[in-house]
Amino acid sequence: MKRFGVMIDVSRNAVMKPEKVKQYVKTIKSLGYNMVQLYTEDTYEVEGEPYFGYLRGRYTEAELKDIVDYAEGIGVEVIPCIQTLAHLKQIFYWRPYWNVRDCDDILLVDDERTYQLIENMFKTLRRCFKSQYVHIGMDEAHNLGLGKYLDIHGPENRFDILQHHLNRVIEIAEKYGFKPLMWSDMFFRLANHGEYYPEDPTFLEEAKRALPDNLALCYWDYYHSDRDYYAKMLASHEATGKEIWFAGGGNTWYGFASGNSLALKNMLPAMRAARESNVENIFMTLWGDNGKECSSFAALPSLYAIKRVYDGEEDMDVIKAEFKDITGENFDDMFALDIPNFVSGNDNSAKGVSKYALYSDPFCGFLDVTLAPGESVKYTKYAEELSAFAKRSKNYAYVFESMSALCKALSVKYDLGRNTRAAYDKKDKNALKSLISEYDKAAALVEEFYEKFRILWFEENKPNGFEVQDIRLGGLIMRLKSCRRMLEDYVEGRIPSIPELEEPLLDYYGNGKDISDPDPAMFNGWAYNVSVNNV
């Protein structure tokens, strides 16, 4: 093993404070890790690019140098992790980058302004980082060459477009002394008819020949639980003859709550396969999709267990005892940060039910039909458990308190829309009148959660990006008050009906099944959750 690391997402609104990054580095070092990547799409200062990361809380050169000096000083390598093709949506807010947008979040290939930007990136990174490696991203550029590039150049083989761009990026990276590491999915999809995880993975000779010499490939997989499948994918990657890295998932990207249980379910088989395949460079990703609401510290128990299983330790009791000795934290207590998603029948960490149940509209909650009713009592119990764990946590009481407050809010909010609709369908104004106080209680408990979550955010992150949480949670509180007002108007006879409640909810999946048999959805998009209208 050369590197066993963690990639922290600092691009999805939450930019971890430099002092907190150093604390995280120190912690994972104690857990046996020796590498960290900061995933920065536009959240780092770039020479000559004042609009790059503008108003986003970007790291300054001084901050990055300080992080690198500290980490390297305790034996942890810091590798820059950036994007040089897609996932650059935020820069296209600004007019200086409009001319280098192909389509979606993709840079315009073969435009010299694109390569000037990329050179400025590497020039800045070289001053800040000491590692020989740079992660250049290049994943999920699904519509590459289908926008402005198509208008300028006409139809071209997209494989050739990707290869040409990659060669230019590598040339610039080498100029500044970097060896590039790239997510493998774009090449792999092109070799497997658009699939990244085909049943029988292969890597075509054409794709092998297209891979530049000085390139390492990173196979990322967060979703399988079959050791043999990981082994097949690793073998297919190794057939390229390139240096192969593996990236797994710490499951921090499904809303506010962590997914330690899901991480272990999927990553322990991956670690056994990686060990048998002699993979020398591994890291766990802590993505922050749709707002980075989950604390990266909540993933520590699964991170430790994953590393120890790679080392060959299979006894979870031993792993838990070691974790307690190293961190001073109870492994099972921290694992319980997952439980806001333990409803509707089982562990739904991969579906983020606690987030979409929180934001589901009381009158138009189209996702309510996906959740089992009557689960509010579980949230009352979860809130009490997490509050108790907060009292005995040495370092992360604020994380437990935030999750406890979330569960407390859901103890009322979870069933509120369903109960309202059921009473309205029966035209039971007495039942509706009794629900009015539940709306008051829900709004108050969401505000309590807001205060606890605010503490968590400002403990760990720069302030930029919290305005989104103000809008989301503030909007929820106002919506609860608005629905309460309409409900009261209806009960008191000031309005004849509530049009939103007149329209029956349909099966979310569109297959006409009996919606009395709920099936939680995989849903983490706030804008699509709060309304089917244009947000």
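In what follows, the structure referred to is the one given above.
Residues numbered from 1 in each chain as written. Predicted model: local features only at pLDDT ≥ 70, side-chain atom pairs only at ≥ 80, totals over all residues. Heavy atoms only, no water.

(A) Focus on the pairing of strand β1 (residues 3-9). Within β1, seven of the seven residues are buried, which leaves the element mostly enclosed by the surrounding structure. Of the two faces of β1, the one lined by Arg3, Gly5, Met7 and Asp9 and the one lined by Phe4, Val6 and Ile8 are each fully buried. As paired elements, β1 and strand β8 (residues 281-286) share six bridges and run parallel to each other. Bridge pairing in β8 links Arg3 to Asn281. Each parallel crossover has a hand, and for β1 linked through helix α1 (residues 18-30) to strand β2 (residues 35-39) it is right-handed. (Buried < 20%, exposed > 50% of the residue type's maximum accessible area, 1.4 Å probe, protein only. Helix = DSSP H or I, 4+ residues; strand = E, 2+ residues; numbered from the N terminus. Pairing = 2+ DSSP bridges. Right-handed = clockwise from strand over helix to strand, strands pointing away.)

(B) Geometry of the side chain of Asp338. By secondary structure assignment, the location of Asp338 is in the loop between α12 (331-335) and β9 (342-343). With no salt bridge to any partner, buried Asp338 finds its closest opposite charge in Lys320, at an N-O distance of 12 Å. (Lys, Arg positive; Asp, Glu negative; His and termini not counted. Salt bridge = Lys/Arg side-chain N within 4 Å of Asp/Glu carboxyl O.)

(C) Broad picture of the packing of helix α3 (residues 112-128) against helix α5 (residues 158-175). In the contact formed by α3 and α5, the axes pass within 9 Å of each other and the chain directions differ by 35°. Helix-helix and strand crossings are classified by hand; for α3 and α5 the assignment is right-handed. Residues Glu112, Thr114, Tyr115, Ile118, Glu119 and Phe122 of α3 form the contact with α5, whose participating residues are His165, Arg168, Val169, Ile172, Ala173 and Lys175. (Axes fitted to C-alpha atoms, helices over the stretch in contact; angles between N-to-C directions. Left-handed = near helix turned anticlockwise from the far one by under 90°. Contact = heavy atoms within 4.5 Å.)

(D) The arrangement of the nonpolar core in detail. The biggest cluster of nonpolar side chains holds 192 residues, and the ones touching the most others in it are Tyr24, Phe122, Phe246, Met271 and Leu358. Considering each element in turn, this core owes the most residues, 13 residues, to helix α17 (residues 429-460). Among all residues touching Phe246, those that are not within four sequence positions of it are Cys218, Tyr219, Asp221, Tyr230, Met267, Ala270, Met271, Val279, Asn281, Ile282, Phe283 and Met284. (Core = buried A, V, L, I, M, F, W, Y, C linked by side-chain atoms within 4.5 Å.)

(E) Quick peek at helix α8 (residues 227-238). Under the 1.5 Å per step criterion, the end-to-end length of α8 is 16 Å for twelve residues, consistent within 8% with the ideal 16 Å. For α8, the set of buried residues is Tyr229, Tyr230, Met233, Leu234, Ser236 and His237. Taken end-on, α8 shows its buried residues confined to a sector of 160°, consistent with a single buried face. On its buried side, α8 packs onto α6 (185-191), β6 (216-220), β7 (243-249) and α9 (260-276). Its side-chain oxygen at 2.9 Å from the backbone nitrogen of Asp228, Asp226 defines the N-terminal cap of α8. (Expected span 1.5 Å × (residues − 1). Arc of directions from axis to C-beta. Polar contact = N/O pair within 3.5 Å; in protein donor to acceptor, adjacent residues only side chain to side chain.)

(F) Looking closely at a nonpolar patch on the surface. A cluster of nonpolar side chains, contributed by Tyr51, Tyr54 and Leu55, occupies part of the molecular surface with about 300 Å² of accessible area. Inspection of the secondary structure assignment puts Tyr51 in the loop between β2 and α2 (61-73). Note on Tyr51: relative accessible area 37%, which makes it partly exposed. (Patch = residues over 30% accessible without salt bridge, like charges linked within 9 Å, V, L, I, M, F, W, Y side chains within 5 Å. Areas by Shrake-Rupley, 256 points an atom, 1.4 Å probe, with all protein chains shown as cover.)

(G) Structural context of the pairing of strand β3 (residues 77-81). With five of its five residues buried, β3 lies for the most part within the structure. On β3, burial covers both faces: Glu77, Ile79 and Cys81 on one face and Val78 and Pro80 on the other are all buried. Two strands pair when backbone bridges link them, and β2 and β3 are joined in this way by five bridges, in the parallel orientation. When the sheet's bridge partners are listed, Met35 is paired in β3 with Glu77. This β-α-β element, β2 to α2 to β3, shows right-handed connectivity.

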